[in-house]
Amino acid sequence: MGKSKNSDASFIMQGSILAIASIISRIVGLIYRIPLTAIIGKTGNDYYGTAYSIYNIILIMSSFSLPLAVSKLVASRMGNGRAKDAFRVFKGALGFAIVSGGLGALLLYFGADYFTGTLLKTPLSAIALKVLAPTVFVVALLGVFRGFFQGLNTMMPSAFSQVAEQILNAIVRASCFTASVNSRFSIRRTQVITSPPA
């Protein structure tokens, strides 16, 4: 009876940790989107939205349900006392994530011009898509680690990685978009200065 109560309390605690991490990551995402929208403007935000829809499709294809699958496989093997098999699952999933995430990132980066320019007729979205491309690889890898620790019934590393991933994404995306916007303004200013008067 006491063991069951401890198990229930542990389950509630682990679930609460994940819930708090999810709330924090969403708040971080909301906070960084506000200045990002102010920097790139409505038109830039539309281009970003187009890129993000393509990014989401590739992300789902490369790592959808990977954390859940790893978690279930690891938990079942640990429950049967097969720790070595659980670690084999982790290594196999990590290899899969490296291949699928890497291919997804390369497809997004090198296919950005085709996806946005040829298919969707929004060529300027290619910049945003190339910025987002590396995160497909990172998310796939983090998904395996998250699933592994969840399978071990330890949610703290998963919660930390979820928040850290969102913060890193915010910094990288905001920095790259700001640099891109500044570069465009610099090019336009140079063209205005160097262009002959009418």
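Here is a short report on the structure shown in this document. (Residues numbered from 1 in each chain as written. Predicted model: local features only at pLDDT ≥ 70, side-chain atom pairs only at ≥ 80, totals over all residues. Heavy atoms only, no water.)

Things to note about the packing of aromatic side chains
Piece 1. Considering all chains together, one arrives at 7 aromatic pairs under this definition.
Piece 2. Aromatic side chains Phe-90 and Phe-148 sit 4.5 Å apart centroid to centroid with 40 degrees between the ring planes, which places their arrangement in the tilted category. With a gap of 58 residues between them, Phe-90 in helix 3 (residues 83–110) and Phe-148 in helix 5 (residues 125–151) connect regions that are remote in the sequence. Each member of the pair, Phe-90 as well as Phe-148, carries the same accessibility label: buried.
Piece 3. Centre to centre, the rings of Phe-148 and Phe-149 are 5.7 Å apart; their planes meet at 65 degrees, and the pair counts as edge-to-face.
Piece 4. For Phe-148, a relative accessible area of 13% translates into the label buried.
Piece 5. These aromatic residues form a ring-pair network of at least three members: Phe-87, Phe-90, Phe-145, Phe-148 and Phe-149.
Piece 6. The ring of Tyr-109 is capped by Lys-130, whose NZ or CZ atom sits 5.5 Å from the centre of that ring. (Phe/Tyr/Trp six-rings, centres within 6.5 Å; stacked < 30°, edge-to-face > 60°. Helix = DSSP H or I, 4+ residues; strand = E, 2+ residues; numbered from the N terminus. Buried < 20%, exposed > 50% of the residue type's maximum accessible area, 1.4 Å probe, protein only. Lys NZ or Arg CZ within 6 Å of the ring centre and 35° of its normal.)

Let's talk about the pattern of salt bridges
Piece 1. Under the criterion given, the structure shown has 3 salt bridges.
Piece 2. A salt bridge links Arg-82 to Asp-85; the nearest nitrogen and oxygen atoms lie 2.9 Å apart.
Piece 3. Its relative accessible area of 22% is what places Asp-85 among the partly exposed residues.
Piece 4. Here Arg-88 makes a salt bridge to Asp-85, at a shortest N to O gap of 2.4 Å. Remark: Asp-85 and Arg-88 occur in helix 3; sequence separation between them is 3 residues, near one turn of the helix. (Salt bridge = Lys/Arg side-chain N within 4 Å of Asp/Glu carboxyl O.)

Quick notes on unusual backbone geometry
Working note: non-glycine residues mostly have negative phi, and peptide bonds are mostly trans.
Piece 1. Of note, Lys-121 is a non-glycine position whose phi angle comes to about 60 degrees, a positive value.
Piece 2. One can find Lys-121 in the loop between helix 4 (112–119) and helix 5.
Piece 3. The exposure class of Lys-121 is exposed, given its relative accessible area of 62%.

A closer look at the nonpolar core
Piece 1. One finds Tyr-55, Leu-108, Leu-129 and Val-136 to be the most contacted residues of the largest nonpolar core, which totals 17 residues.
Piece 2. Among the elements that take part in this core, helix 5 stands out by supplying 7 residues, more than any other.
Piece 3. Listed in part, the 11 residues of the second largest apolar core include Ala-86, Val-89, Ala-93 and Val-144. (Core = buried A, V, L, I, M, F, W, Y, C linked by side-chain atoms within 4.5 Å.)

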